[in-house]
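Read off the chains here:
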Amino acid sequence: MSTVKRKLLTVVMDGIGVREEMYGNAVKLAHTSNLDWLKQNGLYTAIKAHGTYVGLPSDNDIGNSEVGHNALGAGVIYDQGAKLVNNAIKDGSIFKSAIWQEAVTRIKSSHGSTLHFIGLLSDGNVHSHQDHLLALLKQAHKEGINKIRIHVLLDGRDVAPRSAEIYAEALEKVLLNLRNLGCDAKVASGGGRMVITMDRYEADWQMVYRGWQVHVLGKGLSFPNLESAISEFRKDSELTDQYFPGFVITEEGKAIGTIEDNDVVLLTNFRGDRAIEISKAFCQEEFSYFDRERFPRVYFAGMMEYDGDEHIPANYLVSPPKFDGTMGEYLAAMGVHQFAASETQKYGHVTFFWNGNRSGMFDPESEKYLEIPSDNLSFNLKPWMKAYEIVEATVKELCSDKFEFGRINFPNGDMVGHTGDLEATIVAVATVDLMIGRLIRAANDTDTILVITADHGNAEQMLEGEEEKFPNWLSIDSKDRPKARTSHTLSEVPFYIYDPKQRHKENVKLRKSGEGSLANFANTALELMGLETSDRFYPSLLIQKP
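Summary of the structure given here.

1. Here we look at the nonpolar core
Here comes step 1: Membership of the largest hydrophobic core comes to 83 residues, with the highest contact counts inside it found for Leu-137, Ile-148, Ile-150, Leu-171 and Phe-282.
Here comes step 2: Judged by nonpolar contacts, the second largest core, of 39 residues, contains Met-13, Tyr-23, Ala-341 and Ile-452.

2. Topic: the pairing of strand E9 (residues 264–267)
Here comes step 1: In E9, alternate side chains face the same way, and those of Val-264 and Leu-266 on one face and Val-265 and Leu-267 on the other are all buried.
Here comes step 2: Sheet analysis places strand E3 (residues 115–121) next to E9, joined by four bridges and oriented parallel. Considered in E9, the bridge of Leu-115 is made with Val-264.

3. Observations regarding empty space enclosed by the protein
Here comes step 1: This structure, assessed with the given rule, holds five cavities of 30 Å³ or more.
Here comes step 2: Volume-wise, the largest cavity comes out at about 150 Å³.
Here comes step 3: Lining the largest cavity we find 20 residues, and of these Glu-66, Gln-80, Phe-270, Arg-271 and Gly-272 sit closest to its centre.
Here comes step 4: Only helix H3 (65–74), helix H4 (81–90) and helix H13 (344–353) provide two or more residues apiece to the lining of the largest cavity.
Here comes step 5: Counted by class, the lining of the largest cavity contains eleven nonpolar, six polar and three charged residues.

4. Here we look at the pattern of salt bridges
Here comes step 1: In the structure shown here, the tally under the stated rule is 33 salt bridges.
Here comes step 2: As a salt-bridge pair, Asp-155 and Arg-193 come within 2.9 Å of each other at their nearest N and O atoms. Of this pair, Asp-155 sits in the loop between strand E4 (147–154) and helix H8 (164–180) while Arg-193 sits in the loop between strand E5 (184–192) and helix H9 (205–217); the two residues are 38 residues apart in sequence, bridging distant segments of the chain.
Here comes step 3: Arg-210 is the salt-bridge partner of Asp-204, the closest N and O atoms lying 3.9 Å from each other.
Here comes step 4: If you follow the salt bridges from partner to partner, you end up with Arg-6, Asp-447, Asp-499 and Lys-501 in one network.

5. Observations concerning the packing of helix H2 (residues 33–41) against helix H16 (residues 422–446)
Here comes step 1: In the contact formed by H2 and H16, the axes pass within 7 Å of each other and the chain directions differ by 50°. Judged by the angle between their axes, H2 and H16 are oblique. Together, Ser-33, Asn-34, Leu-35, Trp-37 and Leu-38 of H2 and Asp-433, Leu-434, Ile-436, Gly-437 and Ile-440 of H16 make up the contact between the two elements.
Here comes step 2: When its residues are assigned to classes, the contact of H2 with H16 shows six nonpolar, three polar and one charged.

6. Describing the environment of Ala-454
Here comes step 1: By secondary structure assignment, the location of Ala-454 is in the loop between strand E15 (448–453) and strand E16 (493–498).
Here comes step 2: Sequence separation between Ala-454 and Val-493 is 39 residues, and the spatial gap between their C-alpha atoms is 5.6 Å.
Here comes step 3: Apart from the residues lying within four places of it in its own chain, the contact partners of Ala-454 are Val-12, Met-13, Ile-16, Val-493, Pro-494 and Leu-518.

7. Topic: the layout of surface pockets
Here comes step 1: Size it by volume and the largest pocket reaches roughly 720 Å³.
Here comes step 2: Taken together, 23 residues make up the lining of the largest pocket; nearest its centre are Arg-162, Glu-238, Thr-419, Gly-420 and Ala-484.
Here comes step 3: Among the residues making up the lining of the largest pocket, the classes are represented as eight nonpolar, eight polar and seven charged.
Here comes step 4: Taken as a whole, the second largest pocket encloses approximately 410 Å³ of empty space.
Here comes step 5: Taken together, 20 residues form the lining of the second largest pocket, with Tyr-201, Ile-276, Asp-307, Phe-352 and Ser-359 sitting closest to its centre.
Here comes step 6: Mapped onto the lining of the second largest pocket, the elements with two or more residues apiece are helix H11 (276–283), H13 and strand E13 (367–372).
Here comes step 7: With five residues, the top contributor of residues to the lining of the second largest pocket is H13.
Here comes step 8: Its residues placed into classes, the lining of the second largest pocket shows seven nonpolar, five polar and eight charged.

8. Considering unusual backbone geometry
Here comes step 1: The omega angle of the peptide bond from Ile-312 to Pro-313 is -10°, so this bond is cis rather than trans.
Here comes step 2: Structurally, the position occupied by Pro-313 is in the loop between strand E10 (299–304) and strand E11 (316–318).
Here comes step 3: The phi torsion at Glu-202 lies on the positive side, around 55°, for a residue other than glycine.
Here comes step 4: Relative to the helices and strands, Glu-202 resides in the loop between E5 and H9.
Here comes step 5: Not every positive phi belongs to a glycine, and Asp-401 is a case in point at roughly 60°.

9. Quick notes on the sheet that holds strand E14 (residues 405–410)
Here comes step 1: Pairing is mixed in the open sheet, where seven strands are placed in the order E2-E16-E15-E1-E14-E12-E13. The sheet is open, and its two borders are formed by strand E2 (43–47) and E13, each paired with just one other strand. Neighbouring strand axes in the sheet, compared pairwise and without regard to direction, differ in orientation by 15° on average.
Here comes step 2: Taken together, the five bridges between E2 and E16 define a ladder with antiparallel strand orientation. In the sheet register, Thr-45 faces E16, and the bridge partner there is Phe-495.
Here comes step 3: Strands strand E1 (7–13), E2, E15 and E16 of the sheet are contacted by H2, whose axis makes an angle of about 65° with E16.
Here comes step 4: Its contacts with the sheet place H13 against strand E12 (338–343), E13 and E14, and it is angled at close to 155° to E12.

Conventions used here
- Residues numbered from 1 in each chain as written.
- Predicted model: local features only at pLDDT ≥ 70, side-chain atom pairs only at ≥ 80, totals over all residues.
- Heavy atoms only, no water.
- Core = buried A, V, L, I, M, F, W, Y, C linked by side-chain atoms within 4.5 Å.
- Buried < 20%, exposed > 50% of the residue type's maximum accessible area, 1.4 Å probe, protein only.
- Helix = DSSP H or I, 4+ residues; strand = E, 2+ residues; numbered from the N terminus.
- Pairing = 2+ DSSP bridges.
- 1 Å grid on protein atoms, 1.4 Å probe; cavity = no way out; pocket = protein on both sides within 12 Å on 5 of 7 lines; lining within 4 Å.
- Points joined across faces, edges and corners; volume = space filled by probe spheres on them.
- Nonpolar A, V, L, I, M, F, W, Y, C, P; charged D, E, K, R; others polar.
- Salt bridge = Lys/Arg side-chain N within 4 Å of Asp/Glu carboxyl O.
- Axes fitted to C-alpha atoms, helices over the stretch in contact; angles between N-to-C directions.
- Parallel < 35°, antiparallel > 145°, perpendicular 65-115°, else oblique.
- Contact = heavy atoms within 4.5 Å.

Spelled out as C-alpha cells, the structure:
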C-alpha cells in the first residue's frame, strides 16, 4: 500500500458554477440543502475555471469540460486547442505544416478532386471557432484550390440556441467572395451537432452514421442552400440549432458535395471527444460500427490529434498540448489506489482528459475505472440521469476500502443545462445535491475527505437578457420568458472541502474566492491526503492558520 494518510474522493459537479443573481439561476432555484450545509460546516471558496486560467486564449473565453478536467488532473495550465490553433494561424505555421502542404498538393495534382471541410460552425471556442475555418478557406484559395465544399455542424449549444443565421451569414459572405474570384466554394451539407456526426464516447454511433449519410453519400433532406435549410427549420418554434436534422444541398436534384475518392477532408474541430468517431469512420479500413455503404479513399486530417494514444487521426494540422507528469501518473508512481467513475457522457473526462489526453491507465494494478452507460435520450426528459448509479457504485468502493483517491463526475448540470430547459436543470442540480448528501454520509462512515468542485459554469445562468425586462421570467408561459441560454459561462466554480473529523478546519483555511483555479486542485488534494506535494503543480489552496 502507499503512504496515504487520508482517503479522498473528488466530486466534479459538471456545469454548476457560482453566481449570486437569482435570475435564470438553476443552482439558486434548486433545493441544495446539502451544499448549503457543506458551506457552513466545511471549507469553502470559489475558483477560476475559464479563459487563461485553463489555457484558453483570453479571459472572455468560457470554460469547458475538456480543459477543466485537463487542469484538474494536470495540476498546471497548458495552452489549449483554441489558443494553439490561433497561434498557428497567426504565425502561419499551420500552412507551412507538412499536412497542409500535402493536402494542397493532392488537390492540385488530382484532376476534379475537392477539398472538404467538416466542423462546428460557431464562435463558441469550445470545439471550434468559425474564424479558423474562414482562415483555412482563404488560404486554400490563395494556394490555388478551386473547388471547396463545406459540411456545417450547427451549434446552438456553446452559443445562443437560435443563432445559426449569424454564422451562416458570415460564412456565406466569405464563400461569395471566393466565388467571385473564380473558386467553386459552397456549403454541401449540414445538421445539428446533437443529431449528426458529433457523438462522443461511442454513446450513439447512429449520430455518426447520419452525418456520414449527408456528408459523404449526399443522402438527406434536400435544400438549395444553407439559408433555405435554416429558414425551413425555423418554422418549428421548438427546434433549436443543435437539433436540426441532417440535410444536403442539391442542384438539379443532385447533391453538390458528396465525398469521393482522391478528395481531401479536413475536420476543423480542435477538441477531441466529439471528433474521434467521425475520424475513425474516415480512416479505418476495418470498421463495424455502421454500414458506410461506400468508403471513399480520401486524405483525411484533423485540426489536431484527437487521441494521442491511439493516434487518431494519423494526420493533423496543429500539435496538441503535451501533458507530462499529471496527478494520476504521480499517484500511480507512489502506488496510490485510484478510482474513477461517471456515466458515459463524462466517463472520458475523469479518465482520458484527467490523465492529460491519455487513454488507458498508468498502473492497472492500482487503478479502477467504471463507466455507467448513459441513456440515449434528451437529457431534460430525465434530468437525474445516472447520478444514483454513480453514487451507489462509489459508495460500494468507499466501503470496501479499495481506493485511496477517487474522482467522479455528475454530468447533470452540464448536459441538462445545455438543453436550455430551466425547470429540468433545477431538477438536475437538486439531484446532484441529493446525491452529495449520500456521499457525505458515506464519507462519515469511512473517514473519507470530500472535495467537491465543478469544471465550468452553465446551470447558474440559463436565461439571456436582463431581469428588469422580463418580470415574469419564472412563468411557464413562453411569451413571458426570455431566450434560453444553453452555453457555458465565465463564472467561477465552487470548491468545498469536507473532513468528517474536522481536522483541517481547525488548522487551515482556503484562499479567498478568485485567488485560485482548477489547476490548484492537485497539490491541494495531495496535501489533504498527507502526501508529498509536487513542485510541478500549482500551489495548494490551503493556507495554514496563524
